[in-house]
Amino acid sequence: MNEIKNYEILKKLALNYGIKLFGVCEITKDMRKEFHPEILEISKNLKFGISLGYPLDKRVIKGIKDKPTLLYKHHYKTVNWILDQSSELLSLYIREQGFCAISIPASQVVDFEKQLGHLSHKMIAKKAGLGFIGRSGLLINPEYGPAVRYATILTDFPLKVDKEYEGDCGECMICADACPAGAITKDGYDRWKCYQKLKEFAGMRGIGVCICGICIKVCPYSKIEE
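Residues numbered from 1 in each chain as written. Predicted model: local features only at pLDDT ≥ 70, side-chain atom pairs only at ≥ 80, totals over all residues. Heavy atoms only, no water.

Some thoughts on the overall build of the chain
Counting its regular elements, the chain contains nine helices and eight strands. What you see for the chain is a C-alpha radius of gyration of 17 Å, in line with the 17 Å of a compact globule of 226 residues. Expressed as a percentage of the 226 residues in the chain, the buried residues total 45%. Pairs at least 24 apart in sequence give 72% of the contacts found in the chain among residues at least 6 apart. Accessible surface for the chain amounts to roughly 11,900 Å². Of this, 52% is attributable to carbon and sulfur atoms. Of the charged side chains in the chain, 33 are positive and 27 negative, and the gap between their average positions amounts to 4 Å. (Helix = DSSP H or I, 4+ residues; strand = E, 2+ residues; numbered from the N terminus. Rg over C-alpha atoms; globule rule 2.2 N^0.38 Å. Buried < 20%, exposed > 50% of the residue type's maximum accessible area, 1.4 Å probe, protein only. Contact = heavy atoms within 4.5 Å. Areas by Shrake-Rupley, 256 points an atom, 1.4 Å probe, with all protein chains shown as cover. Lys, Arg positive; Asp, Glu negative; His and termini not counted. Charge placed at Lys NZ, Arg CZ, Asp CG, Glu CD.)

Points about the pairing of strand S3 (residues 101-104)
Residues Ala101 and Ser103 of S3 are buried on one face, and the alternating residues Ile102 and Ile104, pointing to the opposite face, are buried as well. Note that S3 and strand S6 (residues 148-155) share four bridges and pair antiparallel. Across the sheet, residue Ser103 finds its bridge partner in S6, namely Ile153. (Pairing = 2+ DSSP bridges.)

A short note on the sheet that holds S3
Spatially, four strands are ordered S1-S2-S6-S3 in an open sheet, and the strand pairing comes out antiparallel. The outermost strands of the open sheet, each flanked by one partner alone, are strand S1 (21-26) and S3. Strand-to-strand twist of the sheet, defined as the mean angle between neighbouring strand axes without regard to direction, takes the value 20 degrees. Helix H5 (residues 70-96) contacts strand S2 (48-55), S3 and S6 of the sheet and is inclined by roughly 20 degrees relative to S6. (Axes fitted to C-alpha atoms, helices over the stretch in contact; angles between N-to-C directions.)

Quick look at helix H8 (residues 191-202)
Look at H8: 16 Å from first C-alpha to last across 12 residues, which is about the 16 Å you get at 1.5 Å a residue. For H8, every residue scored as buried is listed here: Cys194, Tyr195, Lys197, Leu198, Phe201 and Ala202. When H8 is viewed along its axis, its buried side chains cluster within an angular range of 165 degrees and face the same direction. Looking at the buried residues of H8, the elements they touch are strand S8 (188-189). Sitting at the amino-terminal end of H8 is Asp190, which places a side-chain oxygen 3.1 Å from the backbone nitrogen of Trp192. (Expected span 1.5 Å × (residues − 1). Arc of directions from axis to C-beta. Polar contact = N/O pair within 3.5 Å; in protein donor to acceptor, adjacent residues only side chain to side chain.)

Notes on the pairing of S6
In terms of burial, S6 is largely enclosed, as eight of its eight residues are buried. Neither face of S6 is exposed, since Val148, Tyr150, Thr152 and Leu154 on one face and Arg149, Ala151, Ile153 and Thr155 on the opposite face are all buried. The sheet contact formed by S2 and S6 spans eight bridges and is antiparallel. Residue Gly49 lies in a different strand from S6, and its bridge partner there is Leu154.

Some thoughts on the nonpolar core
In terms of nonpolar packing, the biggest core is built from 41 residues, with Leu10, Phe22, Ile50, Leu52 and Tyr72 touching the most fellow members. At six residues, H5 tops the list of elements feeding residues into this core. Once residues lying within four places of it in the same chain are set aside, the contact partners of Phe22 are Tyr7, Leu10, Lys11, Ala14, Ile50, Ser51, Leu52 and Leu130. Ranked by size, the runner-up nonpolar core spans 13 residues in total, among them Phe35, Leu46, Ile102 and Ala128. (Core = buried A, V, L, I, M, F, W, Y, C linked by side-chain atoms within 4.5 Å.)

Some words on unusual backbone geometry
Even without glycine at this site, Lys223 takes up a positive phi of about 55 degrees. For Lys223, the location among the structural elements is in the segment after helix H9 (214-218). Taking relative accessible area as the criterion, Lys223 reaches 43% and is therefore assigned partly exposed.

Details of the packing of helix H1 (residues 3-16) against H5
At a minimum axis distance of 10 Å, the contact between H1 and H5 shows a crossing angle of 150 degrees. Here H1 lies roughly antiparallel to H5, going by the angle between them. Note on packing geometry: the crossing formed by H1 with H5 is right-handed. Note on element contacts: H5 touches H1 through Leu90, Tyr93 and Ile94, opposite Ile9, Leu10, Leu13 and Ala14. (Parallel < 35°, antiparallel > 145°, perpendicular 65-115°, else oblique. Left-handed = near helix turned anticlockwise from the far one by under 90°.)

Set out below in C-alpha cells:
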C-alpha cells in the first residue's frame, strides 16, 4: 500500500474532524517499554503511533489567574471528548481497510500512584514531530505552545513517518517562576509536587479533576496576551 497516500487520507479526515495537529511516528522498543501493561499484548504488532492534537482556546486559558476556572475545566473535558471521538472515527476507518487500530484516550489515568496513562501522548507527539518537551514537562508545539491536548492511535496501517522535532526552552524560566507548586526548576519537572497541587485544585468546588493551566498560560509559545 502507498504509505504517503494513507498518511494524507488520515490527515485529511482528522482535519475534517477539527483536529489541528497530526503526526506519525514509528514505535520503537524503547518507547514500548513505557507502555502500561494493559496495552502491551494487544499493541505488540502495531508499528505506528498517530498523534492527534487539538488546541485549547486562548481566551479560556487567559481567564486563569492563580487557579483553574470552571470554564477551563469544562473546556478541558470537552476537548478531550473531541479528541476521543476523532481518534475512534479514524480508528474505525483504519479497521475498515482491514488493519488494526487502537484508540488511546486523551485523558485517562491508569497508574494513580505515578499519575500515568496507558502511554505518554507527549512522547508520541514528540516523536511524530509535533513539538519538544519543555521545562514544564509538557509538549511545546511551535505554533500553539503547551496549550494543546493530545490523543494517540496505535496501528499497523502502513504510513509514512514524520521527523522528530528538535527544540528546547533555552534559558526561559517563566513557567518555573509562575508554578504555584514549585514543581518546575532548572533541574527538571517534579511530577509529585505538581500532582499534590493538582489534587488541591481538584478539591475546589466544581472542579473535581486534576487540572491547573498556569504554566500553559504563561508560556511564551502559547502567545496569550494579558
